[in-house]
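# Reading the structure
The chain contents come next:
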Amino acid sequence: MREAVHAMKSAYAPYSGYCVGAALECADGTVYTGCNIENASYTPTVCGERVAFFKAVSEGKRDFVRIAIAGGKGAVVEGIFPPCGVCRQVMSEFCRSDFEVLLIKNEEPLEYEDHTLAELLPYRFSPDHLR
Ligand code: ZN
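Read on for an overview of the structure. Note that the structure is a prediction, hence the values are computed from the model and not measured. (Residues numbered from 1 in each chain as written. Predicted model: local features only at pLDDT ≥ 70, side-chain atom pairs only at ≥ 80, totals over all residues. Heavy atoms only, no water.)

## Quick notes on the nonpolar core
- With 21 residues, the main nonpolar core has Leu24, Phe53, Phe64, Ile67, Met91, Phe99 and Val101 as its most contacted residues.
- Looking at this core, the elements with two or more residues in it are strand S1 (18-26), helix H2 (48-58), strand S3 (64-73), helix H3 (85-94), strand S4 (100-106) and helix H4 (117-120).
- Not counting residues up to four positions away in its chain, the partners in contact with Phe99 are Leu24, Phe53, Phe64, Val65, Arg66, Ile67, Met91, His115, Thr116 and Leu117.
- Ala4, Cys19, Leu102 and Ile104 belong to the second largest nonpolar core, which has 14 residues in total. (Core = buried A, V, L, I, M, F, W, Y, C linked by side-chain atoms within 4.5 Å. Buried < 20%, exposed > 50% of the residue type's maximum accessible area, 1.4 Å probe, protein only. Helix = DSSP H or I, 4+ residues; strand = E, 2+ residues; numbered from the N terminus. Contact = heavy atoms within 4.5 Å.)

## A few points about H2
- Of all eleven residues in H2, eight are buried; the element is thus mostly enclosed.
- Residues Gly48, Glu49, Arg50, Val51, Ala52, Phe53, Ala56 and Val57 constitute the buried set of H2.
- On its buried face, H2 sits against S1, strand S2 (31-35), S3 and H3.
- With its phi angle positive at about 95°, Gly60 sits one or two positions after the end of H2.

## Side note on the coordination of the zinc ion
- Within the first shell, the zinc ion binds the protein through Cys47 (SG), Cys84 (SG) and Cys87 (SG), at distances of 2.2 to 2.3 Å.
- For Cys84, a relative accessible area of 31% translates into the label partly exposed. (Donors = N, O, S within 2.8 Å, 3.2 Å for Na, K, Ca; no water.)

## Some words on the packing of H2 against H3
- Here H2 crosses H3 at 25°, and the two axes come no closer than 9 Å. For the element pair H2 / H3, the angle class is roughly parallel. The handedness of the crossing between H2 and H3 is left-handed. Within the contact between the two elements, H2 uses Glu49, Arg50, Phe53, Phe54 and Val57 and H3 uses Val86, Cys87, Val90, Met91 and Phe94.
- Looking at the contact of H2 with H3 residue by residue, the class counts come to eight nonpolar, no polar and two charged. (Axes fitted to C-alpha atoms, helices over the stretch in contact; angles between N-to-C directions. Parallel < 35°, antiparallel > 145°, perpendicular 65-115°, else oblique. Left-handed = near helix turned anticlockwise from the far one by under 90°. Nonpolar A, V, L, I, M, F, W, Y, C, P; charged D, E, K, R; others polar.)

Quick look at the structure:
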C-alpha cells in the first residue's frame, strides 16, 4: 500500500489534477507500480491500475494476488478511488474472483477497504467465455 501511495507522485495529470497510484503484487512476490497518465486529447489517457498490469504482463507476469490503489488531488490521498470499469475488466482477464483489491482511504494513519474482484465486478465477462 505504501508503494501505491508513492506511485501517485509519478502521475501525469495536468488536466484533472487527480493523481492515482497502484501497486500490483504478483504471486512470486514482485510488485509493479503504475500511475495515471493523461493526454491532451483525453482518449489516450490511461489509469494507474492498467499501467501496473501492463508493466507486469509485459515482463511475463500472469499470476496476481492483489492490487493496492490510492488516489487524490495533487498526489494527496483523499478517500477511496475505486477502479473504473475498464480497469476492472482488465483485472478480469488475468485474475481469479478472489483477487484482492485494496482501496486506500487514508495515508496516516493507514486506512483501507479490502474487496475482491468478484465484489467489484459481479457476473464478469472473462476468458472462460471464449473457451
Ligand atoms: Zn481505470
